[in-house]
Amino acid sequence: MSASFRFSSSLSPLQSRDFPKMRFFNPRIVVPNPIPFLKQTKTSHSRVVLPENVKVAASELPVTAGKPVDMAGSGGLQVDLVTETDLKENGFRSTRRTKIVCTIGPRTCEFEEIEALAVGGMNVARVNMCHGTRQWHRDVIRRVRQLNEDKGFAVAVMMDTEGSEIHMDDLNGAESAKAEDGEMWTFTVLTFDPSSCPERTITVNYDGFAEDVKFGDELLVDGGMVRFLVTEKIGPDVICQCTDPGLLLPRANLTLWRNGSLVQERNAMLPTISSKDWLDIDFGIAEGVDFIAVSFVKSAEVIKTLKSYITARSPGSQIGVIAKIESIDSLKNLEEIIKASDGAMVARGDLGAQIPIEQVPSVQKRVVQLCRKLNKPVIVASQLLESMIEYPIPTRAEVADVSEAVRQQADALMLSSESAMGQFPEKALAVLRCVSLRIEKWRREEKHLDATDPSIVSFSTPPSISEEICSTASQMANKLKADAIFVYTKTGQTASLLSRNRPDCPIFAFTPSTSIRRCLNLQWGLIPFRLDFSDDVETNLYRTFSLLKAREMINSGDLIIVVSDVLQSIQAIKVP
Ligand SMILES: Nc1ncnc2c1ncn2[C@@H]1O[C@H](COP(=O)(O)OP(=O)(O)OP(=O)(O)O)[C@@H](O)[C@H]1O
Ligand SMILES: CC(=O)C(=O)O
Ligand SMILES: [K+]
Ligand SMILES: [Mg+2]
């Protein structure tokens, strides 16, 4: 596919492009210091207590602001207070299985605001490189890390790339501009000084814009929130008449439609990862983000390129690459793309601007099922609670949409504007939380009555031992009505395979790595704990029982199914 390119270690991806160019309105691009977090600062609580037999690589220690975690008194078991209180007060069955991603924006970027989201159940914090300065993103990422370190949370950080999206300029700092019915507007590739910008003129960030456009095309702003008809082309200027009036927002996304289909001219050649994105990716690697979500993925090649780039840049890093399914081209290569990725996002916002809107639900279902089959976490994103940007309660239709995603057993739901710039971020989070809990419970109850809901898990051929063990352990847990599954996992793989089976009880995942603990926080049904453990399963188990009992997170008599990825074994044990 033309939009992808090969990256070799001798050639920087920044030098290897030969594509139409995009301009970026946010020129504050600074090449980051490669690994700034290795510079440890002296702090008052910089003691790490680890059992003597356990070696933890420096890269596995929490990194923000250079402060390692003080786990004294916890026996090396790390879990956040919210999970602990929930388990203590409400028991295993009450835990939410569906994870929540919150986009951090101007409304939620201060430490206390991020903390309120974490307390409210945020599992992953997303920063969108389309907006804000690099310093802003750095501050947010470091605040999340600080919070994890101070309060034992495992909130993962996801960086979302800008991608080669075609969008308008920033309206010279105005909050919005109103386009009225029938008005003539000019979309141009020329740029202006704020003082000399002609009236009703919008600069587009893509140099090939005027060439791609034809008389009679429809220009959709934000997937159709405002619509224009192209009436004339004069050199770099495209003259349009407004046919659906509305508010133009800064940097709003633009798509062109011709005879009912998306226009794919030279714009289809724009690289999925732009030169600015590569700089953002370097920044993300240096800041130790847990996931990089790639916008407008078209083929598996770009995912493979990015994964090799990350490995070359930061050997041994756990950064997961998430493919955002929002481009019409991705639909032809869905299976290949998901196979190459570490997870996928159904990015319904842009997807609904690239394919007819009535096709979005079936694509969502297909991506969710495919991810389950391929054992990749999947996020359902955009407009879940759109009305809550302005109102304190959602519409009934929004609740139904959230319910459907939970019923499909997607790994995670995502808030965008609702948490980034809405008036009720915590209330929106609470709605996701309580709708998830209610629908999960209902689904577990229904399952016993409804045999028409077959398991969609299909195994590799020949089946792997780990897959079989995890499937059997989950079935056993369901039949015996176990209280929890415990899994001791170094790489996270076994925990992930258990999650894929969507068992009735929660899965406690113990891992010695803080970064794997954060990554597991994106996956359905996993409660990740950081714990140093040995290869001796019995010792681990009884130590865990006593640590969890001491903190009242489990009780004598609870039935636990235990899976170990070292021994590849299953045990059923009652807590002594
Ligand atoms: N860092 C930020 N600074 C300022 N505004 C932001 C920031 N992040 C998000 N926003 C605001 O919140 C809105 C929703 O965020 P979201 O991440 O969904 O972006 P988007 O522009 O819709 O693009 P995408 O398709 O990548 O999701 C944005 O349109 C923007 O107005
Ligand atoms: C999340 C995102 O990028 C979208 O919905 O377009
Ligand atoms: K983006
Ligand atoms: Mg998008």
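No experiment lies behind these values; they were computed from the predicted model shown. (Residues numbered from 1 in each chain as written. Chains lettered and ligands numbered in written order. Predicted model: local features only at pLDDT ≥ 70, side-chain atom pairs only at ≥ 80, totals over all residues. Heavy atoms only, no water.)

**Focus on the overall build of the chain**
Test applied: Only DSSP runs of H or I with at least four residues qualify as helices, and only runs of E with at least two residues qualify as strands; both kinds are numbered from the N terminus onward. The cut-offs for exposure are 20% and 50% of the maximum accessible area for each residue type, with area from a 1.4 Å probe on protein chains only; residues under the lower value are buried, those over the upper are exposed, and the others partly exposed. Only the protein chains shown count as covering a residue, and every accessible area follows the Shrake-Rupley method with a 1.4 Å probe.
Across its full length, the chain carries 16 helices and 22 strands. Of all 576 residues assigned to the chain, the portion counted as buried reaches 57%. For the chain, the accessible surface area stands at approximately 23,900 Å², while carbon and sulfur atoms represent 53% of it.

**Quick notes on the site of ligand 1**
This is how it is decided: Proximity criterion: a residue is near a molecule or strand once any of its heavy atoms comes within 4 Å of it. Residues adjacent in sequence count toward polar contacts only when both atoms are side-chain atoms; beyond that, a polar contact is any pair of N or O atoms within 3.5 Å, and within protein one must be able to donate a hydrogen and the other to accept it. Residues are grouped as follows: Ala, Val, Leu, Ile, Met, Phe, Trp, Tyr, Cys and Pro are nonpolar; Asp, Glu, Lys and Arg are charged; all remaining types, including Gly, are polar.
In the vicinity of ligand 1 there are 14 residues, among which Arg126, Asn128, His131, Asp350 and Ser417 approach most closely. Residue Arg126 places a side-chain N or O atom 2.8 Å away from an oxygen atom belonging to ligand 1. Interatomic distance of 2.7 Å between a side-chain N/O atom of Asn128 and an oxygen atom of ligand 1. Here ligand 1, which alone exposes 590 Å², has 75% of that area covered by the protein. Residues of the shell around ligand 1, tallied by class, amount to five nonpolar, six polar and three charged.

**Overview of empty space enclosed by the protein**
Formally: Only protein atoms enter the calculation, which uses a 1 Å grid: trapped sets of points that fit a 1.4 Å probe without letting it out are cavities, open sets showing protein on both sides within 12 Å along at least five of seven lines are pockets, and any residue with an atom within 4 Å of a point is a lining residue. Grid points are joined across faces, edges and corners, and a volume is the space filled by probe spheres set on the points. As annotated, the domain borders come from an automatic or database domain assignment.
Summed over the entire model, instances satisfying the criterion amount to seven cavities of 30 Å³ or more. If you go around the largest cavity, you meet 24 residues; those closest to its centre are Ser164, Ile166, Asn267, Phe296 and Gln354. Elements supplying a minimum of two residues to the lining of the largest cavity: strand 11 (254–258) and helix 8 (348–354). Class assignment of the residues belonging to the lining of the largest cavity gives a composition of twelve nonpolar, eight polar and four charged. Built from parts of two domains, the lining of the largest cavity gets at least three residues from each of domain 2 (96–158 + 276–447) and domain 3 (171–269).

**Regarding the pairing of strand 20 (residues 526–530)**
For the record, the criterion: For two strands to be treated as a pair, DSSP must find at least two bridges joining them.
The buried fraction of strand 20 is high, at five of five residues. Alternating residues of strand 20 divide into Leu526, Pro528 and Arg530 and Ile527 and Phe529, and every residue in both groups is buried. By the bridge criterion, five bridges tie strand 19 (residues 507–511) to strand 20 in an arrangement that is parallel. Bridge pairing links Phe510 to Phe529 in strand 20.

**A look at the UniProt feature "domain: Pyruvate kinase C-terminal" (unreviewed entry) in the chain**
Note the cut-off: UniProt positions are given in the numbering used here, feature names are shortened, and annotations may be inferred rather than shown by experiment.
As recorded in UniProt, the sites labelled "domain: Pyruvate kinase C-terminal" (unreviewed entry) are residues 467–566. Here residues 467–566 runs as 42% helix and 21% strand, with 14 Å between its end C-alpha atoms.

**Here we look at the coordination of the magnesium ion (ligand 4)**
Selection rule: In this listing, donors mean N, O and S atoms no farther than 2.8 Å from the metal, or 3.2 Å for Na, K and Ca; water is missing from the atoms, so a site can look incomplete.
Distances from the magnesium ion (ligand 4) to its protein donors, namely Glu326 (OE) and Asp350 (OD), fall within the range 2.0 to 2.1 Å. In this structure the potassium ion (ligand 3) is found 5.2 Å away from the magnesium ion (ligand 4). Of this pair, Glu326 sits in the loop between strand 14 (320–325) and helix 7 (334–340) while Asp350 sits in helix 8, and the two are 24 residues apart along the sequence. An identical accessibility class is assigned to Glu326 and Asp350; each is buried.

**What to know about the coordination of the potassium ion (ligand 3)**
Only Asn128 (OD1), Asp160 (OD) and Thr161 (O) from the protein reach the potassium ion (ligand 3) as donors, at distances of 2.7 to 3.0 Å. Along the chain, the residues donating to the potassium ion (ligand 3) are arranged with the sequence spacing N-x31-D-T.

**Topic: the packing of aromatic side chains**
Stated precisely, the cut-off is as follows: Only rings of Phe, Tyr and Trp enter the pairing, Trp through its six-membered ring, and a pair is recorded when the two centres are within 6.5 Å. The plane angle decides the type: under 30 degrees is stacked, over 60 is edge-to-face, the rest tilted.
Applying the stated criterion to the full structure yields 13 aromatic pairs. Plain terms: the ring middles of Phe187 and Phe228 are 5.1 Å apart, the flat faces sit at 70 degrees to each other, and that makes the pair edge-to-face. In this pair, Phe187 is assigned in strand 5 (residues 184–188) and Phe228 in strand 8 (residues 226–234), connecting sequence segments 41 residues apart. The residues Phe187 and Phe228 share a single accessibility class, namely buried. Taking the centre distance of 5.0 Å and the plane angle of 25 degrees together, the rings of Phe510 and Phe529 count as stacked. One end of the pair, Phe510, is in strand 19; the other, Phe529, is in strand 20, and 19 residues separate them in sequence.

**Observations concerning the environment of Gly105**
As for its position among the elements, Gly105 is in the loop between strand 1 (99–103) and helix 2 (111–119). The spacing of Gly105 and Gly224 is 119 residues in sequence and 24 Å in space, taken between C-alpha atoms.

**Regarding the UniProt feature "domain: Pyruvate kinase barrel" (unreviewed entry) in the chain**
Per the UniProt annotation, the sites labelled "domain: Pyruvate kinase barrel" (unreviewed entry) are residues 96–428. Helix makes up 32% of residues 96–428 and strand makes up 24%, while its end C-alpha atoms are separated by 16 Å.

**Thoughts on the sheet that holds strand 16 (residues 378–381)**
Convention followed: In this analysis an axis means a line fitted to C-alpha atoms, helices contributing only their contacting stretch, and an angle means the value between N-to-C directions, from 0 to 180 degrees.
Taken together, the eight strands give a closed barrel; going around it, the order is 1-2-3-13-14-15-16-17, and neighbouring strands pair in parallel fashion. Ignoring strand direction, the axes of neighbouring strands in this sheet form an average angle of 25 degrees. Examined bridge by bridge, strand 15 (residues 343–347) and strand 16 share four bridges and lie parallel to one another. Its bridge partner lying in strand 16, Ala347 is registered against Ala381.

**What to know about the state of the cysteines**
Here is the rule we go by: Criterion for a disulfide: a pair of cysteine sulfur atoms within 2.5 Å.
Using the criterion set out here, one finds zero disulfides in the structure. The cysteine Cys434 is free of any disulfide, with Cys102 supplying the nearest cysteine sulfur at 14 Å. Judged by its relative accessible area of 47%, Cys434 falls in the partly exposed class. Unpaired in this structure, Cys519 has its nearest cysteine sulfur neighbour in Cys371, at a distance of 16 Å. Residue classification places Cys519 among the buried positions, given a relative accessible area of 15%.

**Things to note about the sheet that holds strand 8**
Judged by pairing direction, the sheet is mixed, and its seven strands sit side by side in the order 6-5-9-8-7-11-12 without closing on themselves. Of all the strands in the sheet, the pair left with one neighbour each is strand 6 (201–203) and strand 12 (261–262). Sheet topology places strand 7 (residues 218–221) next to strand 8; four bridges connect them, and they run antiparallel. Its bridge partner lying in strand 8, Val221 is registered against Val226.

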